[in-house]
Amino acid sequence: MPEPRHSAPPALGLLNGRNVLVIGAGTRPGDGPEAPVGNGRAVAVLAAREGASVACADVSPSAAAATTALVEEEGARGLAVVGDATDPVQSSAMVAEALRGLGSLDAMVVNVGIGLGAGLAGTSPQQWERVLSVNLSAHFLAAKYGLPAIADGGSIVFVGSVAGLRAATDSPAYDSSKAGLSGLTRHVAREGAQRGIRANLVVPGLIDTPMGRAASAGRATRATSFARIPLGRQGTAWEVAEAVAFLLCDRSSYITGQSLVVDGGLSAV
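Rules and cut-offs
Residues numbered from 1 in each chain as written. Predicted model: local features only at pLDDT ≥ 70, side-chain atom pairs only at ≥ 80, totals over all residues. Heavy atoms only, no water. UniProt positions renumbered as here; feature names shortened; annotations may be inferred. Helix = DSSP H or I, 4+ residues; strand = E, 2+ residues; numbered from the N terminus. Rg over C-alpha atoms; globule rule 2.2 N^0.38 Å. Buried < 20%, exposed > 50% of the residue type's maximum accessible area, 1.4 Å probe, protein only. Contact = heavy atoms within 4.5 Å. Areas by Shrake-Rupley, 256 points an atom, 1.4 Å probe, with all protein chains shown as cover. Axes fitted to C-alpha atoms, helices over the stretch in contact; angles between N-to-C directions. Parallel < 35°, antiparallel > 145°, perpendicular 65-115°, else oblique. Left-handed = near helix turned anticlockwise from the far one by under 90°. 1 Å grid on protein atoms, 1.4 Å probe; cavity = no way out; pocket = protein on both sides within 12 Å on 5 of 7 lines; lining within 4 Å. Points joined across faces, edges and corners; volume = space filled by probe spheres on them. Core = buried A, V, L, I, M, F, W, Y, C linked by side-chain atoms within 4.5 Å. Salt bridge = Lys/Arg side-chain N within 4 Å of Asp/Glu carboxyl O.

The protein has the name SDR family oxidoreductase in an unreviewed UniProt entry, where Streptomyces musisoli is given as its organism. Turning to the protein, the UniProt annotation filed under Sequence similarities (unreviewed entry) states: "Belongs to the short-chain dehydrogenases/reductases (SDR) family."

Printed below as a string of structure tokens:
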């Protein structure tokens, strides 16, 4: 059985000369030196390794700066951008700053999400609104302001969750928001097609990220948690990033409005 990928793969030049904006490019602080990388950071670093210049946007200035430094270590051009993706003014400003700083935009990745609440009874209206704001409205805003800025023939990738395919968590807001991304992706694909811009959704399963570890912290054992995954293990952020890179590059030139599930078979069995 193939081993999980724990670092960025060798470069193939899939994104040579492209300018990419990654919204949610930071990684939540983890415990200890063995803390895993988050999906957004892995996407930014892999895009850089594949030849892209990358604008690394995050609500945390330190997280944006740290990812930008990793991008530059790959020999690529990096730009740190700070803003709240749920705020219309700041979302628009992040796109404008990336466009100005990189000179043009060929692609955008949106990787932001939170989970709050415990069941219907344990989820307040305020928690519901907050989760929908981060997990769905932020993607709408990014598409609203990003689509006009992206060059013809470009690509947009949203990062969702298998929680959008099934009632996978104890948070009705999280499950609902992730399901909504499928509809948003199809709509953005329809509008973007007029200029040859593709829009797709990557759907990770149980991935070993700081957020993933926090979500599974209450489970009895890792073996019990992951036994139901056909491939028998968690995925890594690098495996998610490889799916994103494929949808950003020309090798997926005839794929749009689709969901690419990266879950080791979890949702299929």
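This part covers the overall build of the protein. A tally of regular secondary structure across the protein gives eight helices and nine strands. Against the globule reference of 18 Å for 269 residues, the protein gives a C-alpha radius of gyration of 17 Å, in line with a compact fold. Counting only C-alpha atoms and orienting by the principal axes, one finds that the protein spans roughly 50 × 40 × 35 Å. Residue burial in the protein is summarised as follows: out of 269 residues, 51% are buried. Restricting the contact set of the protein to residue pairs at least 6 apart, pairs at least 24 apart contribute 75%. By element, 55% of the accessible surface of the protein is carried by carbon and sulfur atoms, the whole surface being about 11,900 Å².

Contact geometry for helix H3 (residues 88-102) and helix H4 (residues 125-146): axes closest at 9 Å, N-to-C directions at 45°. With respect to H4, the axis of H3 lies oblique. Pair H3 / H4 crosses with right-handed handedness. Counted together, Pro-88, Ser-91, Ser-92 and Val-95 of H3 and Leu-141, Ala-142, Tyr-145 and Gly-146 of H4 form the full contact between these two elements.

The interhelical angle for the contact between H4 and helix H5 (residues 172-192), taken along N-to-C directions, is 15°, at an axis separation of 8 Å. It follows that H4 is roughly parallel to H5 by the angle criterion. Here H4 and H5 pass one another in a crossing that is right-handed. Side by side, H4 and H5 meet where Trp-128, Val-131, Leu-132, Asn-135, Leu-136, His-139, Phe-140 and Ala-143 of the first sit next to Pro-172, Ala-173, Tyr-174, Ser-176, Ser-177, Lys-178, Gly-180, Leu-181, Leu-184 and Val-188 of the second.

Checked against the element boundaries, Tyr-174 lands in helix H5. Given the relative accessible area of 12%, Tyr-174 is considered buried. Sequence separation between Tyr-174 and Leu-116 is 58 residues, and the spatial gap between their C-alpha atoms is 7.2 Å. Here Tyr-174 is in contact with Ile-114, Gly-115, Val-131, Asn-135, Ser-161, Ala-163, Thr-169 and Met-211, once residues within four sequence places are set aside.

A separate point is empty space enclosed by the protein. Applying the stated rule across the entire model yields one cavity of 30 Å³ or more. By volume, the largest cavity is sized at about 30 Å³. If you trace the largest cavity, you find it lined by Gly-160, Ser-161, Gly-164, Leu-165, Lys-178, Ser-182, Leu-201 and Val-203. Contributing elements (two or more residues each) for the lining of the largest cavity: H5 and strand S6 (198-204).

Right, let's get into the nonpolar core. Residues Leu-21, Ile-23, Leu-105, Met-108, Ile-156, Phe-158 and Val-188 are the most contacted members of the largest nonpolar core, which totals 40 residues. Elements supplying a minimum of two residues to this core: strand S1 (19-23), strand S2 (53-58), H3, strand S4 (105-110), H4, strand S5 (150-159), H5 and S6. Counting residues per element, this core draws most heavily on H4, at six residues. Residues Val-54, Ala-107, Ala-237 and Ala-245 belong to the second largest nonpolar core, which totals 36 residues.

Turning to its location among the elements, Leu-14 is positioned in the segment before S1. Along the sequence, Leu-14 and Val-262 sit 248 residues apart, while their C-alpha atoms lie 20 Å from each other. The residues touching Leu-14, leaving out its near neighbours within four places in the chain, are Glu-50, Cys-249 and Arg-251.

Bringing the pattern of salt bridges into the picture now. One pass over the structure, following the stated rule, counts four salt bridges. Its salt-bridge partner being Arg-195, residue Asp-152 comes within 2.7 Å of it at the nearest N-O pair. Here the residue Asp-152 occupies a position in strand S5, and Arg-195 occupies one in the loop between H5 and S6, the gap between them amounting to 43 residues. For Asp-152, a relative accessible area of 57% puts it in the exposed group.

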